[in-house]
Amino acid sequence: MKVKHISMANVEVADLPKLLDEEKIDFQPIQCVNWPAYPYKPSASFRIAHSKDAVLLHFRVREASVRAKYGEDNGSVWTDSCVEFFSMPAGDGIYYNIECNCIGTILIGAGAERKGRERAPKEITSLVSRWASLGREPFAEREGDCSWEVALSVPYAAFFKHRLEPLCGREVKANFYKCGDELRTPHFLSWSPIHTEKPDFHRPDFFGSLEFE
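As the structure is a prediction and not an experimental result, all values here were calculated from the model.

So, how was this worked out
- Residues numbered from 1 in each chain as written.
- Predicted model: local features only at pLDDT ≥ 70, side-chain atom pairs only at ≥ 80, totals over all residues.
- Heavy atoms only, no water.
- Phe/Tyr/Trp six-rings, centres within 6.5 Å; stacked < 30°, edge-to-face > 60°.
- Helix = DSSP H or I, 4+ residues; strand = E, 2+ residues; numbered from the N terminus.
- Lys NZ or Arg CZ within 6 Å of the ring centre and 35° of its normal.
- Contact = heavy atoms within 4.5 Å.
- 1 Å grid on protein atoms, 1.4 Å probe; cavity = no way out; pocket = protein on both sides within 12 Å on 5 of 7 lines; lining within 4 Å.
- Points joined across faces, edges and corners; volume = space filled by probe spheres on them.
- Nonpolar A, V, L, I, M, F, W, Y, C, P; charged D, E, K, R; others polar.
- Core = buried A, V, L, I, M, F, W, Y, C linked by side-chain atoms within 4.5 Å.
- Buried < 20%, exposed > 50% of the residue type's maximum accessible area, 1.4 Å probe, protein only.

**Q** Explain the packing of aromatic side chains to me, please; I cannot follow it from the model alone.
**A** The way to describe two aromatic rings as a pair is by their centre distance and the angle between their planes. Counted by the stated rule, this structure contains 14 aromatic pairs. Their ring planes at 0° and their centres at 3.8 Å tell us that Y177 and F201 sit as a pair that is stacked. Taken together, the positions of Y177 in strand β12 (residues 171-179) and F201 in the loop between β13 (188-190) and β14 (208-212) put the pair 24 residues apart, joining distant regions of the chain. Its end group placed over the ring of Y95, R117 keeps NZ or CZ at 4.0 Å from the ring centre. The ring of F139 has R142 sitting right over it, with the charged end atom 3.6 Å from the ring centre.

Here it is as structure tokens:
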């Protein structure tokens, strides 16, 4: 998939969805149900672009219930209504998991495998600009049809194990996810399919490819 290069100069992250509309960047579905034990399939999609300073992400979700228990970065956001971006930007085996719940609380980790991952310190997570359509305050699970969006501007400094240059012309292995481990109906969706027996997003061997313009 190709990732368009755009200018984010003087644009606030709350205006990122509008900018991506103007740039005619389409949403891509997160719709692979990889594990029959978890058949629920909420509507989830993402779109991605990049600038000279950051990776730009916009997620859109519609699901049967929504929760935002975690309001502090690096909490267990994957148990909330959560979207995720995993990527291997340097191609050296180290991949990053950037996980974001429906109120823009994030977690960033890095490592070569699931075990022993290093969490980004708060001074790194605080560099990520976010906008959330549901606001930024935590809340208990709400049942009933709910739609929400989050937008993230992830500066290259957030990839804290590397000194990344702009990704222009690079191919990056990545995957995108929608989950909610502790929701009324747990689910685990991916953009690029994963062929494992049990839910496991920490599988860079199943990452898809992003071509950065």
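There's plenty left to go through after this.
**Q** Would you explain the environment of A157 in this entry?
**A** Relative to the helices and strands, A157 is located in the loop between β11 (139-155) and β12. Between the C-alpha atom of A157 and that of R62, which follows or precedes it by 95 residues, the distance is 31 Å. Leaving out residues up to four positions away in the same chain, A157 has contacts with I124 and L127.

**Q** Got a minute to help me understand the layout of surface pockets in this structure?
**A** Sizing a probe to match a water molecule and rolling it over the atoms shows the empty space that remains. Each pocket or cavity is described by its volume, and for the largest pocket that value is around 350 Å³. W78, E84, E99, R114 and H202 are, among the 17 residues lining the largest pocket, the residues nearest its centre. Listing elements by their share of the lining of the largest pocket, those giving two or more residues are β6 (82-88), β7 (95-101) and β8 (106-111). Residue classes in the lining of the largest pocket are distributed as seven nonpolar, three polar and seven charged. Of the volumes computed, that of the second largest pocket is approximately 220 Å³. The wall of the second largest pocket is formed by 17 residues, among which M8, A9, S51, D53 and S153 lie closest to the centre. For the lining of the second largest pocket, the class distribution of residues is nine nonpolar, six polar and two charged.

**Q** I would appreciate a short explanation of the nonpolar core in the present structure.
**A** One recurring pattern in soluble globular proteins is that nonpolar side chains are buried together. Grouped together as the largest cluster of nonpolar side chains are 44 residues, with contacts concentrated most on I48 and F176. Looking at this core, the elements with two or more residues in it are β4 (43-50), β5 (54-68), β6, β7, β8, β11, β12 and β14. Ranked by size, the runner-up nonpolar core spans 14 residues in total, among them F86, M88, C179 and F188.

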